[in-house]
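Observations on chain architecture
Residues per chain, in single letters:
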Number of protein chains: 2
Amino acid sequence: MPRYKLTVEYVGTRYSGWQAQRNARTVAGELLEAVKVATGGEALELMGSGRTDAGVHAVAQVAHLDLSGTHDPRDLRHALNDALPADIHVLGIARVDHRFHARHGATARQYLYQVSRRRTAFAKPFVWWVKDPLDTDRMAIAARLFEGRHDYRSFCDRDPALGSTLVHVERCRSDLNGPLLLIRVRASHFLWRQVRRMVGVLVEVGRGTFTPEDVDAFLRSDSREPARFTAPPSGLFLERVDYEGEASDPDAPVRPAVSVRTPR
Amino acid sequence: MPRYKLTVEYVGTRYSGWQAQRNARTVAGELLEAVKVATGGEALELMGSGRTDAGVHAVAQVAHLDLSGTHDPRDLRHALNDALPADIHVLGIARVDHRFHARHGATARQYLYQVSRRRTAFAKPFVWWVKDPLDTDRMAIAARLFEGRHDYRSFCDRDPALGSTLVHVERCRSDLNGPLLLIRVRASHFLWRQVRRMVGVLVEVGRGTFTPEDVDAFLRSDSREPARFTAPPSGLFLERVDYEGEASDPDAPVRPAVSVRTPR
């Protein structure tokens, strides 16, 4: 049974997230349909590195796909893209060992969040437009407080009884890029809604509602505050997923996923 | 009666073009509605530098707007943007002399056309994705043939009886920018569908259907061929409009209007 590693980009706007569901349009659901059209058969398994929520985008989601027959990866990629809607695109397909597992084998996930400080006609589906002035220096300071091993129970929607809420955040930086504020977060794994709540709290630091000290306190307590400030999904991109043995460069410069030119 | 100069960006996808029409959603129609909400009164006149077709975008359309009352340009801009849908955005407003005329006073119009040589989930509404291999060197050579004063009757949809089809194209260049091919055309004015037919013919040169010599022949004859190859509106952006006394830099580097990052 051949296993394939898929790298997929998608605009999440029209979808109820990654995970296939009955009676809802999802990214995995569209991929499973495309497999039928492209191969004439059913996928035996399709597993993403993780679920993205409704409206969240991916620059490079990774999934593994099991098919009953053997296909040339290049031909399979073209056939899938021909069958997929325009807002989902398979960037690459490779044959992998059956031990490759897109979810359990991932060593790091990286998300990019785009906050726009400028209203723009073009970027709306890909940013969170924040109208209020933001103290971006304070946000940069607060972002770094998330780095390290912390208990993120105040930032997640998961029943803590289901498992540990300890997460080692390798990197959390907030950088200016023209009218955009790019927040990049990298960890071995994330809890449900964690990134959007981290961003929501950072924006409140920028607005002056919270101080960097408050962020520190949220990481040391069980607070209901961060849940009140969940950033909208439109600005969030799953940017990369790393696996054992792959080169990774978390220090690469942070670039926007979708950027819009500012006129003269 | 105060006159204002508006600079407006919009995503054309959802609109039946610029020009206000009954029973159709248009960019000017949305602006007129926003004026009512923002000022409580009717606009006395709203005139764009030119009409853009259904689905065509603008990075910087220029219009003049006459209002009965006097408004602070900054407050007016904020009030209009608050009332406009997310895909239309007023970039700037300035008080101008009543002799300023957005259409008759324009000395040059510049369009950018984005051809993508790569399928992408994010850029679909902002490019024409051409799957076939393109000889971009030949396209660059053919593009320059459009420069100068030529009879564009083979490239327009207008009844030639209505006026001259002579157009002085100041600049027409086709440049590579990663997976995008950026075609920039600049002239004092354009005929209806002229740019999309120029681009359609250039892409056929890239595909090998036409030669640069054919382009030359179309400019010297009355041919029905270019009309068969009208490029889709999605890739077209009204990029700038120049007026007497304004600095202009047609040699500025050609940058994409909306660009999408290519993953590692």
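That block above? That's the structure.
Quick look at the state of the cysteines now. All names here are of chain A. Evaluation of the coordinates by the stated rule reveals zero disulfides over all chains. With no disulfide of its own, cysteine 156 lies closest to cysteine 172 among cysteine sulfurs, the gap being 16 Å. For cysteine 156, a relative accessible area of 3% gives the class buried.

In this section: helix H4 (residues 194–207) of chain A. Residues and elements named next belong to chain A. Its 14 residues give H4 an end-to-end C-alpha distance of 20 Å, which sits within 8% of 20 Å, the value for a rise of 1.5 Å per residue. Counting buried residues in H4 gives 13 out of 14 residues, a clear majority hidden from the surface. Following H4 by one or two positions, glycine 208 has its phi on the positive side, about 95°.

Here we take up the side chain of lysine 5 of chain B. Looking at where lysine 5 of chain B falls in the secondary structure, it is placed in strand S1 (residues 3–10). With residues near it in sequence (within four places) discarded, lysine 5 of chain B still touches Val62, Ala63, Gly92, Ile93, Ala94, Val96, Phe100, Tyr243 and Glu246 of chain B.

This part is about the packing of aromatic side chains. Counted under the stated rule, the structure contains 26 aromatic pairs over all chains. Ring centres 6.4 Å apart and planes at 85° place the aromatic pair tyrosine 113 of chain A and tryptophan 128 of chain A in the edge-to-face group. Separated by 15 residues along the polypeptide, tyrosine 113 of chain A in strand S5 (residues 106–116) and tryptophan 128 of chain A in strand S6 (residues 128–129) bring together distant segments of the chain. With respect to class, tyrosine 113 of chain A is no different from tryptophan 128 of chain A; both count as buried. Between phenylalanine 126 of chain B and phenylalanine 237 of chain B the ring centres are 6.4 Å apart and the planes differ by 35°, which places this aromatic pair in the tilted class. Placement of phenylalanine 126 of chain B in the loop between strand S5 (106–116) and strand S6 (128–129) and of phenylalanine 237 of chain B in strand S10 (residues 236–243) is noted, with a sequence separation of 111 residues between them. Taking relative accessible area as the criterion, phenylalanine 126 of chain B reaches 5% and is therefore assigned buried. In textbook terms, an aromatic cluster arises when at least three aromatic residues are bridged by ring pairs, as seen for Phe146, Tyr152, Phe155, Phe210, Phe218 and Phe229 of chain A. Geometry around tyrosine 4 of chain B places arginine 95 of chain B over its ring, the cationic atom sitting 5.7 Å from the centre. Seen from the ring of tryptophan 192 of chain B, arginine 193 of chain B lies directly overhead, with NZ or CZ sitting 4.7 Å from the centre.

All names here are of chain B. Where helix H1 (residues 27–39) contacts helix H2 (residues 73–83), the two axes come as close as 8 Å, and the packing angle between them is 120°. Note on packing geometry: the crossing formed by H1 with H2 is right-handed. Residue-level inspection shows Ala34, Val35, Val37, Ala38 and Thr39 of H1 in contact with H2, the latter providing Leu76, Ala79, Leu80 and Ala83. A per-class count over the contact of H1 with H2 returns eight nonpolar, one polar and no charged.

All right, on to the relation of the copies chain A and chain B then. For the pair chain A and chain B, the relating rotation is 180°, the translation along its axis is 0.0 Å, and the fit reaches an RMSD of 0.0 Å. Read as a symmetry element, the transformation amounts to a two-fold axis. Across chain A, the rotation axis passes nearest the C-alpha of serine 259 of chain A, at a separation of 2.7 Å. The fraction of interface residues of chain A whose copies in chain B are also interface residues reaches 100%, indicating that both copies meet through the same surface.

Conventions and cut-offs
- Here the residue numbers are simple positions, counted from 1 along each chain's written sequence.
- Each chain gets a letter, beginning with A, and each ligand a number, beginning with 1, in the order they are written.
- Local features in a predicted model are, by the rule used here, given only for residues with pLDDT of at least 70; side-chain atom pairs are given and counted only at 80 or more, and totals for whole chains, interfaces and linings are based on all residues.
- Values reported for side chains reflect all heavy atoms of the structure, with hydrogen atoms and water molecules removed beforehand.
- The disulfide criterion is simple: two cysteine sulfur atoms within 2.5 Å.
- Summary of the burial criterion: residues with accessible area below 20% of their type's maximum are buried, those above 50% are exposed, and those between are partly exposed, where the area comes from a 1.4 Å probe applied to protein chains only.
- Note on conventions: DSSP H or I runs of at least 4 residues are helices, E runs of at least 2 residues are strands, and numbering of each starts at the N terminus.
- Helices are assigned an expected span. That span is 1.5 Å times one less than the residue count.
- Should any heavy atoms of two residues lie within 4.5 Å, those residues are considered in contact.
- Think of it this way: a Phe, Tyr or Trp ring, Trp meaning its six-membered ring, pairs with another when their centres are within 6.5 Å, and the plane angle makes it stacked under 30 degrees, edge-to-face over 60, tilted otherwise.
- Charges are assigned to positions over rings by a cutoff of 6 Å between ring centre and Lys NZ or Arg CZ, combined with an angular limit of 35 degrees from the ring normal.
- Angles here are taken between N-to-C directions and fall from 0 to 180 degrees, while the axes themselves are lines fitted to C-alpha atoms, restricted in helices to the stretch in contact.
- By convention, the crossing between two helices is left-handed when the near helix turns anticlockwise from the far helix through less than a right angle, and right-handed when the turn is clockwise.
- Side-chain classes follow a simple rule in which Ala, Val, Leu, Ile, Met, Phe, Trp, Tyr, Cys and Pro form the nonpolar group, Asp, Glu, Lys and Arg form the charged group, and the remainder, Gly included, forms the polar group.
- The fit set for superposing copies consists of C-alpha atoms from residues with pLDDT of at least 70 in both; the fit itself is least squares.

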